[in-house]
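Reading the structure
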Amino acid sequence: MDLSSTSSSSFDLSFGSTNPQFDRDQSSSLERCRLVMNYTDLTLDHSKWKTMLPPDKDELVWSSAYSLRFFLDKRTGKNCFLLGASRPGMRSGRGFEFMPRYFKSRFPEVAVLKDSGGVEIHCKIKTRVFSPATLYAAYLVFDLIDNYEKPQKAISIVEIVYGMSDNGNSKERERIVEFEACNNRSDGWMEIQLGEFDVGEVNIGNVHVQVLESSGFYVVEGIEFRPLEKEKDWIGKGIFSKIKIC
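Remember, predicted model here, so these are calculated numbers, not experimental data.

Reading the values: rules and limits
- Residues numbered from 1 in each chain as written.
- Predicted model: local features only at pLDDT ≥ 70, side-chain atom pairs only at ≥ 80, totals over all residues.
- Heavy atoms only, no water.
- Phe/Tyr/Trp six-rings, centres within 6.5 Å; stacked < 30°, edge-to-face > 60°.
- Helix = DSSP H or I, 4+ residues; strand = E, 2+ residues; numbered from the N terminus.
- Buried < 20%, exposed > 50% of the residue type's maximum accessible area, 1.4 Å probe, protein only.
- 1 Å grid on protein atoms, 1.4 Å probe; cavity = no way out; pocket = protein on both sides within 12 Å on 5 of 7 lines; lining within 4 Å.
- Points joined across faces, edges and corners; volume = space filled by probe spheres on them.
- Nonpolar A, V, L, I, M, F, W, Y, C, P; charged D, E, K, R; others polar.
- Salt bridge = Lys/Arg side-chain N within 4 Å of Asp/Glu carboxyl O.
- Pairing = 2+ DSSP bridges.
- Contact = heavy atoms within 4.5 Å.

A word on the packing of aromatic side chains. This model, assessed by the stated rule, comprises 17 aromatic pairs. Each ring, one from F197 and one from F225, has its centre 5.9 Å from the other, and the planes form 75 degrees; the classification is edge-to-face. Of this pair, F197 sits in strand β13 (residues 190–199) while F225 is found in strand β15 (residues 218–227), placing the two residues 28 residues apart along the sequence. Judged by relative accessible area, which is 0%, F225 ranks as buried.

As structure tokens, then:
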């Protein structure tokens, strides 16, 4: 979707024919439910997002057609995004349900994961929305539920995918994330880093984030993308290990 002709005070981002509903993995003996956050219809170039910010604002939040927050990194001035787990009209599925008006969220709904068997989270967005020549990190933004089983560990995969993808797992990009290692945020939520990806000078392909084999009960506001604060953590790793050719 091209938003270049839309005013900053009265525009509505929509997905067109994209259906970000959940689907089921029929190939698994234990049928897992997928919470799919598909934002690949957002095709506005990285430079156009900043032009939508009013002079007196450092962020924009959409909540009518779906949930999205755009803001600038205070350190670098580069594009950041929080992609909401739900949008109005989506149906709850086995293993998760959507909760309206959660007190910590600025979005209309959040997702409550409640299946001890595990719910897969998949999030996709085009690389062109991100600032070029930048190393980004993806974060799961979540909250715990009192008196319920807490999540312990999960497998996360963050990668740039070119061409058609079958949503298969990239073993070389897998990492184990531990929820106990999460950080508290200033907005009352918690976050855990899921992985990194390099955005080049030419932004093509899609960023695909997966959270697999998590269990327990927790609330998901969404997936957030921000530039990494310490570039020394990635210098010398190379770009080809972060690309999947399909």
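Past the structure itself, the notes keep going.
The calculated volume of the largest pocket comes to roughly 440 Å³. Around the largest pocket, the lining comprises 20 residues; the ones closest to its centre are D73, Y139, R226, P227 and E229. When contributions to the lining of the largest pocket are tallied by element, the ones reaching two or more residues are β4 (68–72), β13 and β15. Split by residue class, the lining of the largest pocket holds seven nonpolar, two polar and eleven charged. Considered as a void within the structure, the second largest pocket measures approximately 260 Å³ in volume. In terms of lining, the second largest pocket is formed by R69, F71, N183, N184, R185, S186, D187, E191, E224 and R226.

Proximity of charged atoms lets side chains of opposite charge pair with each other. Applying the stated criterion across every chain, the model contains twelve salt bridges. The closest approach of N and O atoms between E59 and R69, which form a salt bridge, is 2.5 Å. Placement of E59 in strand β3 (residues 59–62) and of R69 in strand β4 is noted, with a sequence separation of ten residues between them. Both residues of the pair, E59 and R69, count as buried. Between E224 and R185 there is a salt bridge; the shortest N-O distance is 3.1 Å. You can see E224 sitting in strand β15 and its partner R185 sitting in the loop between β12 (183–184) and β13, a full 39 residues away along the chain.

Consecutive residues of a regular strand have side chains that alternate between opposite faces of the sheet. Burial analysis of β13 places nine of its ten residues in the buried class, which makes it a mostly covered element. Taken together, the nine bridges between strand β9 (residues 134–144) and β13 define a ladder with antiparallel strand orientation. Across the sheet, the residue bridging to A138 is G195, located in β13. Where β12 and β13 come together, two bridges link them in antiparallel fashion.

Next up on the list: unusual backbone geometry. Even without being a glycine, A133 presents a positive backbone phi close to 55 degrees. For A133, the position within the fold is in the loop between β8 (119–126) and β9. When its relative accessible area of 44% is taken as the criterion, A133 is described as partly exposed.

If you trace the backbone, F130 turns up in the loop between β8 and β9. Residues F130 and N203, spaced 73 residues apart in sequence, show a C-alpha to C-alpha distance of 7.9 Å. Leaving out residues up to four positions away in the same chain, F130 has contacts with H46, F81, I125, Y136, F197, V199, N203, V207 and F225.

None of this, on its own, says anything about what the molecule does.
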